[in-house]
2 protein chains.
Amino acid sequence: MVVVQEEIRRSNLAALLRHVHLDGPVSRAALGERMGLNRSTIGALTAELAAAGLVREEAPTETGRAGRPSLLVRPETGRAYVLAFDVAVDWLFAARVGLGGVVLDRRRAARPRAGPDLDRVVEALAGFGRELREAAPPGSTCVGVGASYCGMIRPGDGMVRFGPDLGWVDQAFGVELGRRLGFGPPVSVGNEAHLGALAEQQRGAGVGFRNLVYLHGDVGVGGGIIVGGRLLDGEGGYGCELGHMVVNPYDGRPCGCGSRGCLEAEVGERALLDAAGRPAGLFGRDALRDVVADADGGDPVARQALRRVGDWLGIGVANLINLFNPGVVIFGGMLRDVYPGAAAPVRARIASNVLPVARERVRLRTSALGDDATLVGAAELGFAELLADPHGLLARTAARPTAEPRRG
Amino acid sequence: MVVVQEEIRRSNLAALLRHVHLDGPVSRAALGERMGLNRSTIGALTAELAAAGLVREEAPTETGRAGRPSLLVRPETGRAYVLAFDVAVDWLFAARVGLGGVVLDRRRAARPRAGPDLDRVVEALAGFGRELREAAPPGSTCVGVGASYCGMIRPGDGMVRFGPDLGWVDQAFGVELGRRLGFGPPVSVGNEAHLGALAEQQRGAGVGFRNLVYLHGDVGVGGGIIVGGRLLDGEGGYGCELGHMVVNPYDGRPCGCGSRGCLEAEVGERALLDAAGRPAGLFGRDALRDVVADADGGDPVARQALRRVGDWLGIGVANLINLFNPGVVIFGGMLRDVYPGAAAPVRARIASNVLPVARERVRLRTSALGDDATLVGAAELGFAELLADPHGLLARTAARPTAEPRRG
């Protein structure tokens with residue numbers, strides 16, 4: 001029975017930390033209500049997490065209500081952090097992220113499109129990792145490492161099975177990055193759009209939705225789809241490839257995957273730049289933003305380009321609403337910039353192509369986390385072990401305090 | 001503690017009955033292994049279910065192995081049954097279905113396409129219900145009623161929100177059918193393709209798969225998609241409408257939904273009959289089977305029609321594989337007849353349009369349950385209450401034995 005009670009206590013500790021991590025700052029009273037625990041149990045749990053440096057408590061600001069106000073519990077960012085990495089098509093990103101999903105420090109480097117090999121990408125990321133750890137405050141601990149990659153990732157070992165934008169096939173990215181970082185925690189890797197979808201659901205435009213479609217525009221278009229509260233992964237972890245849904249099979253533009261008329265071929269970066277008459281040598285996020293800015297300024301060619309891309313985007317989104325009956329569709333990555341100017345044709349296609357019953361509840365939103373969505377999603381991978389068992393992880397890190405870098 | 005033990009016993013009773021219902025006949029030894037229970041507990045549970053008339057035990061046939069063979073536990077079909085109904089476009093079906101999913105007795109009637117109203121459909125089904133109950137053996141009990149409908153169904157009350165093939169919008173099908181049956185159990189209603197998918201997963205071509213796409217061809221094309229072991233329902237229960245995925249937005253055939261180029265417009269009954277040059281007045285399953293038979297006999301027009309439809313079907317299926325990374329895709333309803341003659345273009349589209357990693361594990365199969373898939377799925381809805389708590393339901397039905405019809 002003592003064992004059972006100890007298990008319940010550890011499970012409560014984990015649940016409380018998750019609440020504070022995802023929703024904090026939150027009052028002790030609200031925690032008690034959500035977890036079905038009484039004041040003294042909540043008090044003991046928060047005290048233990050506070051002693052471990054994972055949360056801190058503070059008096060709330062004036063509430064205007066009578067009675068003694070409940071203490072606010074906040075995630076503490078100074079003790080436990082994760083390293084998060086993001087390999088996008090044109091950029092490498094790295095960050096130190098604290099509990100609560102706060103980006104505390106960050107690095108980035110441009111990546112040439114003529115794709116560098118695994119070795120050079122991993123070397124650059126590992127360099128950022130060293131810098132970020134050295135700049136971390138004394139006494140803080142790296143509790144995990146997560147990475148986002150713009151391709152299809154094998155669950156478990158972070159193998160990049162297929163990353164067409166960098167030309168990678170079956171590259172042991174997760175294992176190599178862990179080896180080069182060389183300080184302990186294994187690296188968890190996920191597909192960028194899967195991670196963006198999870199991050200938006202946890203902290204962004206998808207909070208409160210159990211059925212969500214996230215479209216992530218980079219050079220191509222990736223997808224993360226949440227069905228009944230869980231990420232759609234499929235048999236091998238390779239689901240959600242909405243960018244390769246063919247919408248224009250006979251007259252379509254060629255796609256990087258070798259097919260034709262894929263959604264990403266019709267709405268990706270090149271499609272928009274071509275529709276706007278930009279020269280073939282121009283590419284990248286800034287070039288896209290120029291088209292959007294020109295359209296905002298009234299340029300008819302840029303406006304027409306957004307409408308054209310918007311029509312194809314609408315066809316794809318309408319298909320997804322018919323299939324998934326989602327509560328919200330979120331436009332992320334470069335689609336966050338493109339969507340506002342393309343919203344009218346998207347809405348028109350939804351009105352004409354989606355069965356009325358399936359579109360009753362759907363909302364269309366742009367990403368709330370913006371370009372940080374994938375990085376924040378990668379950080380969640382790094383926090384998974386701590387959030388599953390804060391007690392166990394703290395006991396282990398307490399046993400090896402000198403393994404952490406110190407300054408000064 | 002006594003309460004907890006009683007709850008565990010009831011939950012074990014339900015779990016054992018579910019095993020026998022879905023997988024039976026199954027040996028006591030296998031049940032013990034799957035449920036993690038010892039011989040004496042399994043013996044007590046099966047004895048209780050046997051006394052209630054829900055299972056029976058029998059000696060196994062010769063096993064060729066040494067030692068005392070384990071008794072086989074079979075579902076007993078004589079005591080508890082459900083009524084299952086299926087409203088398809090051209091037919092109304094009704095059946096008495098026993099534990100184990102066995103169709104014990106059935107009725108059907110042709111339905112004119114100039115759609116009859118709710119009242120006449122419900123009257124016909126209720127008449128079948130009476131006949132089936134009167135023909136049931138003495139002492140048997142109807143423990144639930146399930147119905148399948150070719151349209152979008154509101155969960156909870158079986159309201160047909162949108163049934164374009166019959167022209168129904170917001171018709172209280174479930175409630176009205178329950179009222180006309182007039183003998184107690186509420187009617188659970190589901191979409192035909194959702195129920196077909198669940199039935200194939202439980203007893204058909206999808207056994208063992210946690211990620212499955214089921215395409216159900218009738219006049220149009222419906223879908224049932226299982227993601228991570230659970231039916232994709234979405235926010236309102238209206239997901240899986242793969243027939244209205246637009247694959248040919250500009251040159252497509254008009255669709256009954258008001259849109260153009262939907263998958264069902266390109267591969268449905270009318271598309272195939274038109275491609276085969278059949279006159280506009282011809283329709284129905286027999287007309288389709290004639291085209292398939294002509295193609296099998298070498299008729300070039302019929303062959304070309306199947307190839308044309310197969311190409312569009314392949315485009316749709318490839319999109320679904322990219323999205324869902326399923327273990328199996330199952331062709332049901334009229335697509336069961338059409339698929340064999342259309343398999344080559346479907347496979348060609350999968351090879352050209354699906355990302356290699358996403359198609360590694362996928363199998364393509366025709367429905368194993370055939371035209372019974374939707375009816376068997378509807379029967380499962382009727383069995384849900386019994387399978388959740390056989391003890392409770394039996395106690396209630398034992399308290400009102402005279403409520404059941406008797407013969408002789």
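In this convention, every chain numbers its residues from 1, walking through the sequence in written order. Working convention: letters from A go to chains and numbers from 1 go to ligands, in the order in which they are written. Side-chain atom pairs in this predicted model are given and counted only at pLDDT of 80 or more, local residue features only at pLDDT of at least 70, and totals for whole chains, interfaces and linings cover all residues. The side-chain quantities take in all heavy atoms of the structure and omit both hydrogens and water.

Draft legend 1. Geometry of the packing of aromatic side chains. Pairs were defined over the aromatic rings of Phe, Tyr and Trp, the Trp ring being its six-membered one, requiring ring centres within 6.5 Å. Orientation was assigned from the angle between planes: stacked under 30 degrees, edge-to-face over 60, tilted for the rest. In the structure shown here, the tally under the stated rule is 13 aromatic pairs over all chains. Ring geometry for A:W312 versus B:Y250: centroids 5.4 Å apart, planes at 75°, classification edge-to-face. Of this pair, A:W312 sits in helix α10 (residues 300–324) while B:Y250 sits in the loop between β14 (230–231) and α7 (263–267), on two different chains. These aromatic residues form a ring-pair network of at least three members: A:Y149, A:W168 and A:F173. Seen from the ring of A:F183, A:R133 lies directly overhead, with NZ or CZ sitting 3.4 Å from the centre. Here a strand is any run of E in DSSP of at least two residues, a helix any run of H or I of at least four, and the numbering for each starts at the N terminus. Whether a charge sits over a ring depends on NZ of Lys or CZ of Arg being within 6 Å of the ring centre and within 35 degrees of the ring normal.

Draft legend 2. Structural detail: unusual backbone geometry. Residues and elements named next belong to chain A. Residue P25 is reached from G24 by a cis peptide bond, and omega for that bond is 0°. Mapped onto the fold, P25 is located in the loop between α1 (2–23) and β1 (26–27). Here the phi dihedral of N325 falls at roughly 40°; this positive angle occurs in a residue that is not glycine. Structurally, N325 is set in the loop between α10 and β15 (328–333).

Draft legend 3. Spatial organisation of the sheet that holds strand β12 (residues 212–217) of chain B. All names here are of chain B. We call two strands paired when DSSP finds no fewer than two bridges between them. One open sheet holds the 5 strands; their spatial order is β14-β13-β12-β15-β16, and the pairing between them is mixed. Of all strands in the sheet, those with a lone pairing partner are β14 and β16 (363–366), marking the two edges. Judged from the 6 bridges that link them, β12 and strand β15 (residues 328–333) form a sheet pairing that is parallel. By the bridge assignment, G217 is partnered in β15 with G333. By definition, residues are in contact when any of their heavy atoms lie within 4.5 Å. Between N-to-C directions, angles span 0 to 180 degrees; the directions come from axes that are lines fitted to C-alpha atoms, helices contributing only their stretch in contact. Against the sheet, helix α11 (residues 334–353) touches β12, β13 (221–227), β15 and β16, its axis set at about 145° to β15.

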